[in-house]
Amino acid sequence: MGETRGNGDPFRKAFTPAGPRVEWDRSVWIGRAGMWLPFVQGMEARGQGWVNAWWAGEGRRQAVAAGAGLLWAMAYPSPGVAGLAWVAPGLMWHAASGLGLAGAFRAGMVAGLVHAMVSLRWLLNMPHPAGAVAGLLALSGYCAVYPALWLAWGAWVRGEGRTLKPWREAAEAHASVGWHRRLWMPLGASAGWVGLEWLRGWFLTGFPWNSLGVSQWKQVPMVQLASVTGVHGVSLMVCWTSVAMAGAGVVLMARPRQRRGWMAEVRVPMVLVLLCIAWGFHRVLDERREERERGPRLLKLALVQPSIPQTLLWDPAERGRSFGVASRLTRAALETRPDVVVWPEGDFGLGRENFAAMSAELSRAGVEWVFSANDYEEGPKGGQIGRAHV
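Each chain carries its own residue numbering, running from 1 in the written order of its sequence. At least 70 in pLDDT is required for a residue's local features to be given in this predicted model, at least 80 for side-chain atom pairs to be given and counted, and no such filter applies to totals for whole chains, interfaces and linings, which use all residues. The basis for the side-chain values is all heavy atoms of the structure; hydrogens and waters are excluded.

For helices the rule is a DSSP run of H or I covering at least 4 residues; for strands it is a run of E covering at least 2, with both sets numbered from the N terminus onward. Of regular secondary structure, the protein possesses 13 helices and eight strands. Working rule for contacts: check all heavy atoms of both residues, and any pair within 4.5 Å makes them a contact. Sequence-distant contacts in the protein: of pairs separated by 6 or more residues, those separated by 24 or more amount to 64%. Accessible surface is estimated by sampling points in the Shrake-Rupley manner with a 1.4 Å probe; for residues, cover comes only from the protein chains shown. Summing over all exposed atoms, the protein offers an accessible surface of approximately 23,300 Å²; the carbon and sulfur share of this is 63%.

Next comes the structure, spelled out in C-alpha cells:
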C-alpha cells in the first residue's frame, strides 16, 4: 500500500488493493490543535477570572435574589405556601443591599423573572406553543421591571451610588442606622412595593394579577383587611413585616451582642399584624354567629362552559356560532331555576343586539347574570375607545 500527500497536509491519499482511499493524519491534526491551545487556555483563565470576580462581587446576592423570586412564586398555587410571601420581599430587599443602583436593578430583574416565569407558567398551556413561550418570556420580562425598580429605588433611599460594597459592609451600615430610621424604612419599602403593584395594575391597560396580598387568600382572618383597604392593604402588611424581619436578622448578624437593637424594626408591623388577625377573627366569628341565627344562605349558580377552542373563540366569522352555543346552554341552565348564571371569560359573540336579547330573557326569569365582554364607544375625534367590563 502506498500513500501521497502535500507537505503539512492533514489528509493523505492511500493506495490499497481495493483502490485509492483518503485518510486523515492524526499527528498533523493534533499538532495544529496544539497551536490554539495557549489561546484557549488563556480565554478559559480569563473567563474563570470573570466568573470568580462576578461571584465574589454581586453573584452571590444575585443568586439569593433568584431564590427569593422562587419563594415568592411558590407562595401562589401551586404549591401555594402562603408563609413564603412573608419571607421573599425582605430577602430581596436586603440581598440587594450594597449593590448600588444598577446592581440592585439587576437583582430585581433576576428575582422578578424567576417569579413571573414560575407563577405564570400556566401560559404554556395555550394551544399555540411558539406564541405561548414568546408570551411567557415577554410578560415575565415586563413584570420583572417592577421589582427591579423597587430594589433600585431602595438603593437610592439607602444613599447607594454606583459603587459595589461587600455585603458585610452594607449590613454594618444598616445596623449603624438609628432605630427610628430603621423603624420607618420598612414602611417606606412596603409603600414603594404597593405603589408599583398599583402601577402595574393600571399602566398599559394593567396587569393586576399576582399581587403579594393575593398569596394570603387562604388566611381568612388576615384577608378581612381587604374589605377595608383592598388587596393592596394586605400586600402592605405582608411586605412591611417581611422587610422588617429581614432587617432585624441583618442587625443580629452584624451586631449579635445587641440583644434589643433588632427589635426596633419589628415592633410596629408585628403589633399591627396581630391586631389585623384579631379583628379578622372577630369579624369571621360574628359572621358565623349571624349565619347560625338566620340559617345558612344558599345561592344556586349555573356555570355555563361552552368549551369553544381558543382558535375559534376570537374569530369574527365564528361569533354567531359561539353565541348560539352559549345561549343554548344558558336556556338549558334556566330550567334548573338558578339564582345566578355565570359565563366564562370571553364575549362569545355577545354583540349589542345579542346582549339585549339575552339580558331581557334572564331578567324575565329573575336571574342575575355574571359575564365579561368587550365594549366600545365613540372617541372625541371619531375613533373607537375599547374597554372591557365584568
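From this point, the narrative continues.
Between rings of Phe, Tyr and Trp, where Trp is taken as its six-membered ring, a pair exists when centres lie within 6.5 Å; planes separated by under 30 degrees are stacked, by over 60 edge-to-face, and by other angles tilted. By the definition in use, this model includes 14 aromatic pairs. Ring centres of Phe355 and Phe371 lie 5.6 Å apart, and the angle between their planes is 50°; this geometry places the pair in the tilted category. Of the two residues, Phe355 sits in helix α13 (residues 352-364) while Phe371 sits in the loop between β6 (368-370) and β7 (373-378), which places them 16 residues apart along the sequence. Note on exposure labels: buried denotes an accessible area under 20% of the residue type's maximum, exposed denotes more than 50%, and partly exposed covers the range between, all computed with a 1.4 Å probe on protein chains only. Here Phe371 falls in the buried class, since its relative accessible area comes to 12%.

We define a nonpolar core as any set of buried Ala, Val, Leu, Ile, Met, Phe, Trp, Tyr and Cys residues linked to one another through side-chain atoms lying within 4.5 Å. Within the largest apolar cluster, 34 residues are counted, with the highest numbers of intra-cluster contacts made by Trp72, Met92, Trp150, Leu151, Trp193 and Leu212. Counting only elements with at least two residues in this core, the list comes to α1 (26-74), α2 (88-95), α3 (100-119), α4 (129-157), α6 (179-200), α9 (231-254) and α10 (263-294). Sort the elements by how many residues they give to this core and α9 lands first, with six residues. Among the nonpolar cores identified, the runner-up in size contains 18 residues, and Leu313, Val341, Phe348 and Phe371 belong to it.

Our next topic: the side chain of Glu361. Here Glu361 lies in helix α13. Judged by relative accessible area, which is 19%, Glu361 ranks as buried. Under this definition, polar contacts are N or O atom pairs within 3.5 Å; protein pairs additionally need one hydrogen-donor-capable and one acceptor-capable atom, and for neighbouring residues in sequence, both atoms have to be side-chain atoms. At a separation of 3.1 Å, a polar atom in the side chain of Glu361 contacts the side chain of Arg331.

We now examine a nonpolar patch on the surface. Each patch is built from residues that are more than 30% exposed by relative accessible area and take part in no salt bridge. Like charges join if they lie within 9 Å; nonpolar side chains (Val, Leu, Ile, Met, Phe, Trp, Tyr) join within 5 Å. Only one rule defines a salt bridge in this text: a Lys or Arg side-chain nitrogen within 4 Å of an Asp or Glu carboxyl oxygen. Taken together, the side chains of Leu113, Met117, Leu124, Val133 and Leu137 define a hydrophobic patch exposed on the protein surface, amounting to about 390 Å² of accessible area. Listed by contribution, the elements that provide at least two residues to the nonpolar patch are α3 and α4. Its place among the elements puts Leu124 in the loop between α3 and α4. Assessed through its relative accessible area of 42%, Leu124 is described here as partly exposed.

Moving on, we get to α4. By this rule the span expected of a helix is its residue count minus one, scaled by 1.5 Å. A rise of 1.5 Å per residue sets the reference length of α4, with its 29 residues, at 42 Å; its end C-alpha atoms lie 42 Å apart and thus fit the reference within 8%. Of the residues one or two after α4, Gly159 is the one with positive phi, at around 80°.

Attention shifts here to the pattern of salt bridges. For the coordinates displayed, the defined rule picks out nine salt bridges. With a closest N to O distance of 3.5 Å, Glu318 and Arg321 form a salt bridge. By relative accessible area, Arg321 is classed as exposed at 60%. Salt bridges sharing partners connect three or more residues here, namely Glu287, Glu290 and Arg294.

What follows is about the sheet that holds β6. The strands that make up a sheet pair up through hydrogen bonds in the backbone, lying either parallel or antiparallel. Only strands joined by at least two bridges in the DSSP assignment are considered to pair. If you walk across this open sheet you meet the three strands as β4-β5-β6, and the pairing is parallel. Looking along the sheet, the strands with just one partner apiece sit at the ends: β4 (301-303) and β6. In this sheet, neighbouring strand axes are inclined to one another by 20° on average, regardless of whether the strands run parallel or antiparallel. As defined by bridge partners, β4 adjoins strand β5 (residues 340-342) across three bridges and the pair is classed as parallel. The residue bridging Leu303 from the neighbouring strand is Val342, located in β5. A fitted line through C-alpha atoms serves as each axis, taken over the contacting stretch for helices, and the angle formed by two N-to-C directions is quoted from 0 to 180°.

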